[in-house]
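Summary of structural features
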Amino acid sequence: MKDLSQGSIPKHLITMATPMMIGMFIQTLYFIVDLYFVGKLGAAALAGLSLAGNAMFLIFALTQILNVSTASLIAHAVGAKQHHEANDIFNQSMMLSSVIGVVVCILGYLSAETYLSNISQDPETIAMGLTYLYWFIPCMALQFVMVSISAALRGTGIVKPTMIIQTLSILLNIVLSPILIEGFGTGYAMGIAGAGLASSLSVIFAVILLCYYFKVAEKYINIDFSLWRIDLPRIKKLLVIGLPAGGEFFLMFIYMGSIYWLIQPFGADAQAGFGLGSRIMQSLFLPAMAIAFAAPAIAGQNFGAKNYARVKETFTWTAIMTCSFMTLITLACLAQPELMLQGFTDNNNVLLTSTVFLQIICFNFIPSGLAFTCSGMFQALGNTVPALISTAVRLTTFIIPAIWLSQQAQFTIEQLWYVSVATVCIQAAVSLYLLKREFKKRLPTQPQENLDTLPTKEVMKSPPL
């Protein structure tokens, strides 16, 4: 356990975010390797990978329920020096993650074909996406256990073991992808199925290592199967914080699915181009997201310890750092987006769609950084409803004009990207307003407990208000 209620906040952010950045950088390499080898299979394979990969937003929505609530509640318990509460929360989270993982695996295999058929009209794209998903679903199911363990460690201020294990897992994925997709060294090429299998095998490896780490190293919290019983008050706590956060990601799943649905008439090349561009964009976001992910643990421990000024200071430094990173990648996308896309496909239509997408969508990077920061602070305060509200505003302000535009004779894909930029700016403004309101409500200038402990004469000498 690491006490984050003392010491330099920028130093804590950098110390916690750096291992995450390294892990996310390795994860970026994994995305690149996957895109490179699947892209060589053709536009339909790339589109199928993108459509199937969008299902991960639904998984993120579900894992986010446990990710946010586990990290937030454990951070609060650590800040308040409540060791047993932290351990009970962790084991309830592990119990829920195991059950949900099994359910997701079953439902995934039953509904994969229906999902893909609803967002694509191209039979080859659907077939490719279905093949990938059948091998990728175990990876999605195991995300829940991995997220619960990672969130619990992050809540106690520990990120390095998780980073090392995730990095080893991603390196394994990078090694397995060319072997399984193209048959390097084996002579047996699985194609797009190999990409899904590589991901599943690497996550299995990560879960085994994380469980082993807890068995031999972790002392503050630990896996205790005697605590794996239904504890309604603690489950309610997890759901109250986690459900709105999960809803936030579920709305993003709807948002991405809506774009794929709206651009169906432009064909598989357009869907592949959007999928490639959005994956590159997500990879570019990773450093800023690492800082935003570090903030809830720091602010959460300080909130639990009633160090309210440090909570606000955490927001300020997080916003500065995330927006600085976003400014750099915005300039890169405006200057040379083609360099980020070369090598993934030789289809000119796909490349053109991806290039234009990055050049337009990069104008929402800085407001996205602010939205990430605000979302992290809502998690730290234990109230994720405002983040859900701001995301709902973004979805609503995008869907209505996007559907109207799609029905016009002069409809183009680029119009969707411009609408998206505008809606992210609106989301950032709403998030900042709601966070200011939460600060005013939850962060008094001086805790009442401190006033109660002041000598009577000191209170009497205080200047009248």
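Our structure is the block above this text.
Residues numbered from 1 in each chain as written. Predicted model: local features only at pLDDT ≥ 70, side-chain atom pairs only at ≥ 80, totals over all residues. Heavy atoms only, no water.

**A closer look at the packing of aromatic side chains**
Remark: the centre distance and the inter-plane angle together describe each pair of aromatic rings, the angle taken between the planes. Across all of its chains, the model carries 13 aromatic pairs by this definition. Between Phe315 and Phe439, the aromatic rings sit 6.0 Å apart at their centres with planes inclined by 80°, giving edge-to-face as the arrangement. Placement of the pair is Phe315 in helix 9 (residues 308-335) and Phe439 in helix 14 (residues 413-442), with a sequence separation of 124 residues. The exposure class of Phe315 is buried, given its relative accessible area of 17%. Put simply, the rings of Tyr260, Phe274, Phe357 and Trp417 pair up and form one aromatic cluster. (Phe/Tyr/Trp six-rings, centres within 6.5 Å; stacked < 30°, edge-to-face > 60°. Helix = DSSP H or I, 4+ residues; strand = E, 2+ residues; numbered from the N terminus. Buried < 20%, exposed > 50% of the residue type's maximum accessible area, 1.4 Å probe, protein only.)

**Focus on the packing of helix 3 (residues 83-119) against helix 7 (residues 232-262)**
The interhelical angle for the contact between helix 3 and helix 7, taken along N-to-C directions, is 25°, at an axis separation of 13 Å. When the axis of helix 3 is compared with that of helix 7, the two are roughly parallel. Here helix 3 and helix 7 pass one another in a crossing that is right-handed. Between helix 3, through Glu85, Asp88, Ile89, Gln92, Ser93, Met95, Leu96, Tyr115, Asn118 and Ile119, and helix 7, the contact on the second element is made entirely by Arg234, Ile235, Lys237, Leu238, Phe253, Gly257, Tyr260 and Trp261. Among the residues making up the contact of helix 3 with helix 7, the classes are represented as ten nonpolar, four polar and four charged. (Axes fitted to C-alpha atoms, helices over the stretch in contact; angles between N-to-C directions. Parallel < 35°, antiparallel > 145°, perpendicular 65-115°, else oblique. Left-handed = near helix turned anticlockwise from the far one by under 90°. Contact = heavy atoms within 4.5 Å. Nonpolar A, V, L, I, M, F, W, Y, C, P; charged D, E, K, R; others polar.)

**Details of the nonpolar core**
Counting residues in each nonpolar core, the largest one holds 106 residues, and the members touching the most others are Phe365 and Trp417. Broken down by element, this core gets its largest block of residues, 16 residues, from helix 2 (residues 43-79). With residues up to four places along the chain from it excluded, the contact list for Phe365 reads Met281, Phe285, Met326, Ile329, Thr330 and Cys333. By size, the runner-up hydrophobic cluster in this structure holds 16 residues, among which are Ala299, Phe303, Ala319 and Phe439. (Core = buried A, V, L, I, M, F, W, Y, C linked by side-chain atoms within 4.5 Å.)

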